[in-house]
Amino acid sequence: MDAEKTAWEQRSVVPVVPPVQPRKLAKVPFVELADGRLQGVVSSGSDIERVYVSSITAGSHALSCSTNNNRPCGALHGYACKHIRQLADEAVVQYGLDRVARYLGVEVPEGGDLMSCIDGHVERTPAAVVFSRFLRHLAYLEVPDSTEPLAELHWFPATGAVR
């Protein structure tokens, strides 16, 4: 740490974890490990204007896949559809197999595949929260580079200011 930086300056930046490997964003533009799920947005293979919000719940391995309008995926019937498989594959590229498996609570044997170790059931989860985060993510991509704080994030208190 730089000795000239004040304590709040050192804690005011969240470190970004670099991807394990570079990934293409066309099929799975958004993937995250959050809210107790591996979740993200997957492009439709048949309609350029349709996206699916897919997720695997940590622990129970419940599977969910629907359009951003909460219409259920027609291929999700007790086993993972192609959207969930694509999401899992991209999560492994983004975060690494060990981290994703640990987050989901899955034991993957050496040389094994994540999805072959997940035997989940279908449990619909609302798509709105994940899709909203995806849209917010897109909005930040349009913000010009700057070292200045973002006005909409300025309300976060400095560490230790509120107890």
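Everything that follows concerns the structure shown earlier in this document.
Right, let's walk through the structure included here. (Residues numbered from 1 in each chain as written. Predicted model: local features only at pLDDT ≥ 70, side-chain atom pairs only at ≥ 80, totals over all residues. Heavy atoms only, no water.)

1. Concerning the pairing of strand β1 (residues 30-34)
Next up, step 1: With five of five residues buried, β1 is to be regarded as a mostly interior element.
Next up, step 2: The alternating pattern of β1 places F30, E32 and A34 on one face and V31 and L33 on the opposite face, and all of these are buried.
Next up, step 3: Sheet topology places β1 next to strand β2 (residues 37-43); five bridges connect them, and they run antiparallel. Looking at the pairing, A34 lines up with R37 of β2.
Next up, step 4: Between β1 and β2, which pair antiparallel and follow one another directly, the connecting turn spans two residues, one of which, D35, has a positive phi of 55°. (Buried < 20%, exposed > 50% of the residue type's maximum accessible area, 1.4 Å probe, protein only. Helix = DSSP H or I, 4+ residues; strand = E, 2+ residues; numbered from the N terminus. Pairing = 2+ DSSP bridges.)

2. Looking at helix α4 (residues 128-141)
Next up, step 1: Here α4 is 14 residues long and its end C-alpha atoms lie 20 Å apart, about the 20 Å a rise of 1.5 Å per residue gives.
Next up, step 2: At its buried positions, α4 is contacted by β1, β2 and β3 (51-57). (Expected span 1.5 Å × (residues − 1). Contact = heavy atoms within 4.5 Å.)

3. So, the nonpolar core
Next up, step 1: Core analysis: the largest hydrophobic core is formed by 25 residues, its most contacted members being L38, I56, I84, L104, L114 and I118.
Next up, step 2: Every residue in contact with I56, bar those within four places of it in the chain, is listed here: G36, R37, L38, H61, A62, L63, I84, L104, M115 and I118.
Next up, step 3: Grouped together as the second largest cluster of nonpolar side chains are eight residues, F30, V41, V130 and F131 included. (Core = buried A, V, L, I, M, F, W, Y, C linked by side-chain atoms within 4.5 Å.)

4. Topic: the pattern of salt bridges
Next up, step 1: Applying the stated criterion to the full structure yields three salt bridges.
Next up, step 2: Between E32 and R133 there is a salt bridge, and its shortest N-O distance comes to 3.1 Å. Of this pair, E32 sits in strand β1 while R133 sits in helix α4, placing them 101 residues apart in sequence.
Next up, step 3: Given a relative accessible area of 30%, R133 falls into the partly exposed group.
Next up, step 4: Salt-bridge contacts for R50 lead to D47; the nearest nitrogen and oxygen are separated by 3.7 Å.
Next up, step 5: Judged by relative accessible area, which is 28%, D47 ranks as partly exposed. (Salt bridge = Lys/Arg side-chain N within 4 Å of Asp/Glu carboxyl O.)

5. Thoughts on the packing of aromatic side chains
Next up, step 1: Counted according to the given criterion, the structure contains two aromatic pairs.
Next up, step 2: Pairing F30 with F134 gives two aromatic rings, centres 5.8 Å apart and planes at 45°, and the pair type is tilted. A residue pair is termed long-range when its members are at least 10 positions apart, and F30 in strand β1 and F134 in helix α4 qualify at 104 residues.
Next up, step 3: With relative accessibility at 8%, the residue F134 sits in the buried group.
Next up, step 4: With centroids separated by 5.9 Å and ring planes inclined at 50°, the aromatic side chains of F131 and F134 adopt a geometry described as tilted. (Phe/Tyr/Trp six-rings, centres within 6.5 Å; stacked < 30°, edge-to-face > 60°.)

Coordinates in, geometry out; function isn't part of it.
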